[in-house]
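Residues per chain are reported as follows:
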Amino acid sequence: MTAHAATIGVLGGGAWGTALAQALASDGTAVRLWAREPDVVEAVNTQHRNPLFLPSAELARSIKATNQIGDMAALPVLLAVVPAQHLGRVLAGLGQPPQDLVLCAKGIEAGTGRLMADVAQAALPGAEIAVLSGPTFAHEVAAGLPTAVTLACAGGEAQWQRLAPALSRPTLRPYYSDDVIGAEIGGAVKNVLAIACGVVDGLGLGQNARAALIARGYAEMTRFGLSRGARAETLAGLCGLGDLVLTCSSTSSRNFALGKALGEGQSAEQALAGKSSVAEGAATAPVLADLAARAGLDLPIVNAVCRLLTGEAPARQVVAELLSRPLRAEGESA
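My aim in this report is to walk through the structure given alongside it, one point at a time. (Residues numbered from 1 in each chain as written. Predicted model: local features only at pLDDT ≥ 70, side-chain atom pairs only at ≥ 80, totals over all residues. Heavy atoms only, no water.)

Focus on the overall build of the chain
Counting its regular elements, the chain contains 15 helices and eight strands. A compact globule built from 334 residues should have a C-alpha radius of gyration of about 20 Å, and the chain, at 19 Å, falls within 12% of that. Taken along the three principal axes of its C-alpha coordinates, the chain extends 60 × 40 × 35 Å. Burial analysis of the chain (334 residues in total) assigns 54% to the buried set. In the chain, 68% of the contacts between residues at least 6 apart in sequence involve partners at least 24 apart. Carbon together with sulfur atoms contributes 53% to the accessible area of the chain, which is approximately 13,800 Å² in total. (Helix = DSSP H or I, 4+ residues; strand = E, 2+ residues; numbered from the N terminus. Rg over C-alpha atoms; globule rule 2.2 N^0.38 Å. Buried < 20%, exposed > 50% of the residue type's maximum accessible area, 1.4 Å probe, protein only. Contact = heavy atoms within 4.5 Å. Areas by Shrake-Rupley, 256 points an atom, 1.4 Å probe, with all protein chains shown as cover.)

As for helix α13 (residues 280-294)
Here α13 contains 15 residues, and its C-alpha end-to-end distance of 22 Å stays within 8% of the 21 Å for a straight helix at 1.5 Å per residue. Among the residues of α13, those classed as buried are Glu280, Gly281, Ala282, Thr284, Ala285, Val287, Leu288, Ala289, Leu291 and Ala292. In this fold, the buried residues of α13 make contact with α7 (180-202), α8 (207-227), α11 (254-263), α12 (268-272) and α14 (300-310). With its phi angle positive at about 75°, Gly296 sits one or two positions after the end of α13. (Expected span 1.5 Å × (residues − 1).)

Brief notes about the state of the cysteines
For the structure shown, the criterion picks out zero disulfides. Free cysteine Cys104: the closest other cysteine sulfur is in Cys153, separated by 12 Å. Overall, the relative accessible area of 2% leaves Cys104 in the buried class. Unpaired in terms of disulfides, Cys197 finds its nearest cysteine sulfur in Cys248, a separation of 3.4 Å. (Disulfide = S-S within 2.5 Å.)

A short note on the packing of aromatic side chains
All told, the structure shown has one aromatic pair when counted by the stated rule. An angle of 55° between the planes, with centres 5.4 Å apart, marks the rings of Trp160 and Tyr176 as tilted. In this pair, Trp160 is assigned in helix α6 (residues 156-167) and Tyr176 in strand β8 (residues 172-177), connecting sequence segments 16 residues apart. A residue is classified by how much of its surface remains accessible, and Trp160, at 17% relative accessible area, is buried. The exposure class of Tyr176 is partly exposed, given its relative accessible area of 31%. (Phe/Tyr/Trp six-rings, centres within 6.5 Å; stacked < 30°, edge-to-face > 60°.)

What about the environment of Glu157?
For Glu157, the position within the fold is in helix α6. Spatially, the C-alpha atom of Glu157 lies 8.7 Å from that of Ser177, the residues being 20 residues apart in sequence.

A short note on the nonpolar core
In terms of nonpolar packing, the biggest core is built from 49 residues, with Phe224, Leu258, Leu262, Leu288 and Leu309 touching the most fellow members. Mapped by element, the contributors of at least two residues to this core are α7, α8, α11, α12, α13, α14 and α15 (315-323). Ranked by the residues each element gives to this core, the list is headed by α7, at eleven residues. Aside from chain neighbours lying at most four places away, what touches Leu288 is Ile108, Val189, Val192, Phe224, Leu299 and Val302. If you look at the next biggest cluster of nonpolar residues, it comprises 41 residues, including Ala25, Phe53, Leu54 and Val102. (Core = buried A, V, L, I, M, F, W, Y, C linked by side-chain atoms within 4.5 Å.)

Some remarks on unusual backbone geometry
Of note, the phi angle at His48 is positive, near 55°, even though the residue is not glycine. You can see His48 is positioned in the loop between α2 (38-46) and β3 (63-66).

A word on the pattern of salt bridges
One pass over the full model with this rule turns up 15 salt bridges. For the salt bridge of Arg294 with Asp290, the shortest nitrogen-to-oxygen distance reads 3.0 Å. Within this pair, Arg294 and its partner Asp290 are both found in helix α13, separated by four residues, close to a single helical turn. (Salt bridge = Lys/Arg side-chain N within 4 Å of Asp/Glu carboxyl O.)

Observations regarding the sheet that holds strand β1 (residues 8-11)
Pairing is mixed across the open sheet formed by eight strands, whose spatial order is β3-β2-β1-β4-β5-β6-β7-β8. Lying at the two open borders of the sheet, with one neighbouring strand each, are β3 and β8. Within the sheet, the average angular offset between the axes of one strand and its neighbour, ignoring direction, is 25°. Bridge analysis of strand β5 (residues 100-103) against strand β6 (residues 128-133) gives four bridges, and the strand direction is parallel. (Pairing = 2+ DSSP bridges. Axes fitted to C-alpha atoms, helices over the stretch in contact; angles between N-to-C directions.)

Section: the environment of Ala261
The topology assignment puts Ala261 in helix α11. Here Ala261 falls in the buried class, since its relative accessible area comes to 10%. Distance from Ala261 to Val199, taken between C-alpha atoms, is 7.2 Å for residues 62 residues apart in sequence. Apart from residues no more than four positions distant in its own chain, Ala261 is found in contact with Gln266 and Ala271.

Here's the deal with the pairing of strand β4 (residues 77-80)
Side chains Val77 and Leu79 of β4 all project onto a buried face; the interleaved residues Leu78 and Ala80 project onto the opposite face, where all are buried too. When β1 meets β4, the two strands line up parallel, connected through four bridges. Following the sheet pairing, Leu11 is matched in β4 by Ala80. Here β4 runs beside β5; their pairing, made up of four bridges, is parallel. Among the inter-strand pairings, Val77 is bridged to a residue of β5, identified as Asp100. Regarding topology, helix α3 (residues 87-92) serves as the crossover connection from β4 to the parallel β5, and that connection is right-handed. (Right-handed = clockwise from strand over helix to strand, strands pointing away.)

Below, the structure written as structure tokens:
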């Protein structure tokens, strides 16, 4: 296969950033990977591996790593894969925007309530923003297993025509959307719901309970998304329901693993201690609950996750309170 002419940049040397770099470099495309950790940069460049964040993957030699943010500034396409709570600071360090900035972090900024596109626009005015989101475990993407994602383009079809050929690969298939808000909300809310599903697993409550939680959680995702201008069909797609099902089903999800630990009796501090990777749902849950409350929306599962994260009540009590909520029609809003 012919390699793409332009170097593609990936900001973030964690598991997901490394996996995307590997997927894009799988046909020989030059990929420049920025990582904060010098050890990651050295390992990628000398061993063609990332033992800290993605030890299972052998990386293409066309991936070149750097810890100098200035090395990323002149690239036409830049994928931002740093944790959501650090995105604004990292992007501000670029100094100049790329032509296309593809946001791959999933979350809501604590303290401001901003979605990642708003954070990026403030940090890099002039960048045309897209959001890449969907059901993606990093180790599977890096291994070349088939994956489909939503690529939501604020620049509409013109931006899609630039980005789709640059980012698509035989095993990485993007689907077009122009609903940036929907793609962002799906990715942010599913992280919180995955914590709840992990709690169900940690408590040993069974598959029936988890399936019910996924369905009721999806209703909460949709309720919040529609209130912010997202489209229902976006939330029913890869970046909403598809991502929700994946991350609510396996300890390969950092958020699910966090919830499982909470269900097994650990505190949030114990469950998060010593982890090199970030469970974005832990930071997103309280700001999501606050935004929903301000909008007059009832998100009982999200609120339950917040109580568990603060240690306000043990997991069994929180689940019992969810099950004792007033009986109502399924289509009602709580």
